[in-house]
Amino acid sequence: MTILVTGATGHVGRAVVDALVAAGQDVRASSRDVAKLDVPDGVAKVSADLEDASTLEPALDGVSGVFLYTRPQGIEGFVKAAEAAGVRHVVLLSSAATLEPDAGQSRIAAMHRAVEEALAAAPFASTALNPGAFATNTLGWRADIAEGVVRTPYPDSRIGAIHERDIADVAARILIDGSHDGESLALTGPEPISFREQAEVLADVLGRPLRVEELTKEQAIERMLALGWPSDVPASVLGAWARTTREPSLVTDLVRQVTGNAPRTFRQWAEEHRAAFA
């Protein structure tokens, strides 16, 4: 049984590769640019681009399961190629945005839902993973942390920040045992944690003080756009953060239910990624 991991250069994709290798699976890692793939020995590398159907047939040859990143462009071609290759199960990295009450007004939700629906209509099994905030989002603070500060809007927004390895462990388990067909799994970390509390944890782990500087909504949007966010996305993200200053975001126990292990804490994530803030 060969499992294809798309987007294997990403934080989650690479963690899925590692989890599958640790479980003794035959793994094939893909990226648009094979030269950027840094994977364990014994893992096959292949170029795959959802927007270029000609790359999909060789990438999927002999594959029984796929870990897939959301990309609406080319999803119809992927479904056809996966069916032709005899793929049995696709695990999609989607978003908690599709499960929110205001999903109909969210560009992020619309993008992910389009892929979820295409896979749900496919003749093979599929499972959507719908994590909320990633702990890796704090890597975006690195430049500010070098100055001894964390700049963020809504510092008291409380989110269920999840470790990328917990998402990966869930994906690997489902790809191996074929469970949770047709389900959408809202994955979170073990507890709601505010941005201010994340900064406190990082300060403790890094051994240096970090002050928190609250950005206005306008300042935050300006920074997001400068980082390349689509113009219609920041407002919906900031709206969600504003809501979770009043009521913490949802926390589930699905990581434990699927893997048998408790989800990792933000402190565990910070300790593992200490070098990234050096």
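Cut-offs used in this document
Residues numbered from 1 in each chain as written. Predicted model: local features only at pLDDT ≥ 70, side-chain atom pairs only at ≥ 80, totals over all residues. Heavy atoms only, no water. Salt bridge = Lys/Arg side-chain N within 4 Å of Asp/Glu carboxyl O. Helix = DSSP H or I, 4+ residues; strand = E, 2+ residues; numbered from the N terminus. Buried < 20%, exposed > 50% of the residue type's maximum accessible area, 1.4 Å probe, protein only.

So, the pattern of salt bridges
Logical step 1: Scanning all chains against the criterion turns up 14 salt bridges.
Logical step 2: A salt bridge links Asp-49 to Arg-32; the shortest N-O distance between them is 3.4 Å. Of the two residues, Asp-49 is situated in the loop between β3 (44-47) and α2 (56-60) and Arg-32 in the loop between β2 (26-31) and β3; the sequence distance between them amounts to 17 residues.
Logical step 3: A salt bridge links Asp-156 to Arg-196; the shortest N-O distance between them is 2.9 Å. Remark: Arg-196 occurs in helix α7 (residues 195-206) and Asp-156 occurs in the loop between β7 (149-152) and β8 (158-159); sequence separation between them is 40 residues.
Logical step 4: In this structure Asp-156 comes out as partly exposed when scored by relative accessible area, which is 39%.
Logical step 5: Take Arg-196: its relative accessible area is 30%, and that puts it in the partly exposed class.
Logical step 6: Taken together, the salt bridges that share partners define one network made up of Asp-144, Glu-147, Arg-151, Arg-211, Glu-213 and Arg-223.

As far as function goes, none of this settles anything; it's purely spatial.
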